[in-house]
Amino acid sequence: CQAETNTLSILEKRGLCSGCPSDKCLPPYSLVFMVRQRIEGGFDLSCTELIAQWPTIQNEFIASLAECVEDVKVNYEPNKAGSLNFTSCPAGFWPSVVDDKFGLDNSVVRYTSSYFYTDKDDADAIYGIVDELDRASGDTVQGAYDTTNAYFLGIYIDELVNRDMALAMGSAFITMVAILVHTGSPWLTLMGLIQIIFSFPLSYFFYFFVLKIEFFPYVNLIGVFVVFALGADDVFVAVDKWKNARLEMKNNTTEEVASRALPDAAYAMLLTTVTTAAAFFATTICPINALYCFAAFCGLLIVFDYIMNIFIVFPALCLYDKW
């Protein structure tokens, strides 16, 4: 009761609840609301006064509520409009105010819901103050908040994704700097980043259209860090193989250097690609759908990064050598 009162007060001060033409808002629909309905002048009582009046209706209220719940369990038809309008239930009764264990054989409610009347367009604003809302003491009652219009979890996940994308951009920047320092060439750095970036749409195309996996969990985005790390490593291998071959073949043509360096680089990268991709693909035996999708997508990223390295970085090395 007190938690509802405090939360309603906060929502009223912020102008985030509705129901009345004045600044006041409708009280939340809950077990407390139903008790107030049963007591004369109940809506004018404080929580302390309501507690004092509770014993006068306790047995009758619990018995009538249990009868209503048993009626709902037996006769409720989900696909029929108005099927919750049982004469044994209070007007506007919502089953979620009690848990599924409550009934004639169990008068204890372990989980309940209180519905505050808010505007659906205020979901973001309410999420911004959700930590201020009263969750009770936690000793007897522990509260949590969500909304039926725009789930707080979805908003929270969006925040995490935006934060992770910022980290991914930071990862890309650090990778770019590392490649630039190692190669000493803006051209090779650009081509290295392009081969990493191109592996994403190619992997998603194969993931969605060939493997027919329609579910794309947020955890797949962690693959950004995996492919940036492995992609940079592939660039380092290719560049080092080329530089070593050029040192040994100072007077040879670009084509001759390529004929020695690129097969060696492709073989060396193939070993790391196969072992890493195999580890991810082996994880697809996991029965958890999100992990299965993550493993499949990361495995594809690694394979296509290797392919893009051959088709983009190798030609770039030839052009770099000629220039």
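Draft legend 1. Region of the structure containing the nonpolar core. Ranked by internal contacts, the top residues of the largest apolar core, which has 24 residues, are Ala238, Trp242, Leu262, Phe314 and Leu317. The set of elements that each furnish at least two residues to this core consists of α7 (186-210), α8 (223-248), α9 (254-282) and α10 (289-322). When near neighbours in sequence (up to four residues on either side) are disregarded, Leu317 contacts Leu188, Ala238, Val239, Trp242 and Leu262. By size, the runner-up hydrophobic cluster in this structure holds 20 residues, among which are Tyr29, Met34, Val97 and Phe102.

Draft legend 2. Representation of the packing of α9 against α10 within the structure. Contact pair α9 / α10: the axes reach a minimum separation of 10 Å and the direction vectors enclose 170 degrees. With respect to their mutual orientation, α9 and α10 come out roughly antiparallel. Class assignment of the residues belonging to the contact of α9 with α10 gives a composition of 20 nonpolar, 5 polar and 3 charged.

Draft legend 3. Looking closely at the side chain of Thr7. Here Thr7 shows up in helix α1 (residues 2-14). For Thr7, a relative accessible area of 1% corresponds to the buried category. When neighbours within four sequence positions are excluded, Thr7 is seen to be in contact with Phe116, Leu133, Asp134 and Tyr145.

Draft legend 4. Structural detail: the environment of Glu60. Topologically, Glu60 is positioned in helix α4 (residues 58-75). Assessed through its relative accessible area of 45%, Glu60 is described here as partly exposed. C-alpha of Glu60 to C-alpha of Leu193: the two residues are 133 residues apart in sequence and 72 Å apart in space.

Draft legend 5. Inspection of the pattern of salt bridges at higher detail. The final tally for this structure, using the stated rule, is 5 salt bridges. For Glu60, the salt bridge identified is with Arg38, shortest N-O distance 2.7 Å. With Glu60 in helix α4 and Arg38 in helix α2 (residues 31-38), this pair connects stretches of sequence that are 22 residues apart. Exposure remark for Arg38: the relative accessible area of 32% places this residue in the partly exposed category.

Draft legend 6. Focus on a nonpolar patch on the surface. Together, Phe173, Ile174, Met176, Val177 and Val181 give the surface a local cluster of nonpolar side chains, amounting to about 480 Å² of exposed area. Within the fold, Val181 resides in helix α6 (residues 152-183).

Draft legend 7. View of the packing of α6 against α8. Where α6 meets α8, the closest approach of the two axes is 10 Å, and the angle between their N-to-C directions is 5 degrees. By the angle between their directions, the pair α6 and α8 is classed as roughly parallel. Contact with α6, carried on its side by Asp164, Leu167, Ala168, Ser171, Ala172, Thr175, Ala178, Ile179, His182 and Thr183, involves Val224, Phe225, Phe228, Ala232, Val235, Phe236, Val239, Asp240 and Lys243 of α8 and no other residues of that element. A per-class count over the contact of α6 with α8 returns 12 nonpolar, 4 polar and 3 charged.

Draft legend 8. Molecular detail of the state of the cysteines. Applying the stated criterion across every chain, the model contains 2 disulfides. Here Cys1 engages in a disulfide with Cys47; their sulfurs sit 2.0 Å apart. Judged by the sign of its S-S torsion, about -90 degrees, the bond between Cys1 and Cys47 is left-handed. Here Cys1 is found in the segment before α1, whereas its partner Cys47 is found in helix α3 (residues 47-53), with 46 residues between them in sequence. A relative accessible area of 9% places Cys47 in the buried class. Between Cys298, a free cysteine, and Cys293, which holds the nearest cysteine sulfur, the sulfur-to-sulfur gap is 11 Å. Owing to a relative accessible area of 1%, Cys298 belongs among the buried residues under this scheme.

Draft legend 9. How the structure looks around α1. Along its 13 residues, α1 runs 19 Å from first to last C-alpha, staying within 8% of the 18 Å computed at 1.5 Å per residue. The complete set of buried residues in α1 reads Glu4, Thr7, Leu8, Ile10 and Leu11. Along the axis of α1, the buried positions cluster into a sector of 160 degrees, meaning they face one direction only. In this structure, the buried side of α1 is in contact with α2.

Thresholds applied
- Residues numbered from 1 in each chain as written.
- Predicted model: local features only at pLDDT ≥ 70, side-chain atom pairs only at ≥ 80, totals over all residues.
- Heavy atoms only, no water.
- Core = buried A, V, L, I, M, F, W, Y, C linked by side-chain atoms within 4.5 Å.
- Buried < 20%, exposed > 50% of the residue type's maximum accessible area, 1.4 Å probe, protein only.
- Helix = DSSP H or I, 4+ residues; strand = E, 2+ residues; numbered from the N terminus.
- Contact = heavy atoms within 4.5 Å.
- Axes fitted to C-alpha atoms, helices over the stretch in contact; angles between N-to-C directions.
- Parallel < 35°, antiparallel > 145°, perpendicular 65-115°, else oblique.
- Nonpolar A, V, L, I, M, F, W, Y, C, P; charged D, E, K, R; others polar.
- Salt bridge = Lys/Arg side-chain N within 4 Å of Asp/Glu carboxyl O.
- Patch = residues over 30% accessible without salt bridge, like charges linked within 9 Å, V, L, I, M, F, W, Y side chains within 5 Å.
- Areas by Shrake-Rupley, 256 points an atom, 1.4 Å probe, with all protein chains shown as cover.
- Disulfide = S-S within 2.5 Å.
- Expected span 1.5 Å × (residues − 1).
- Arc of directions from axis to C-beta.

On their own, these measurements won't tell you what the molecule is for.
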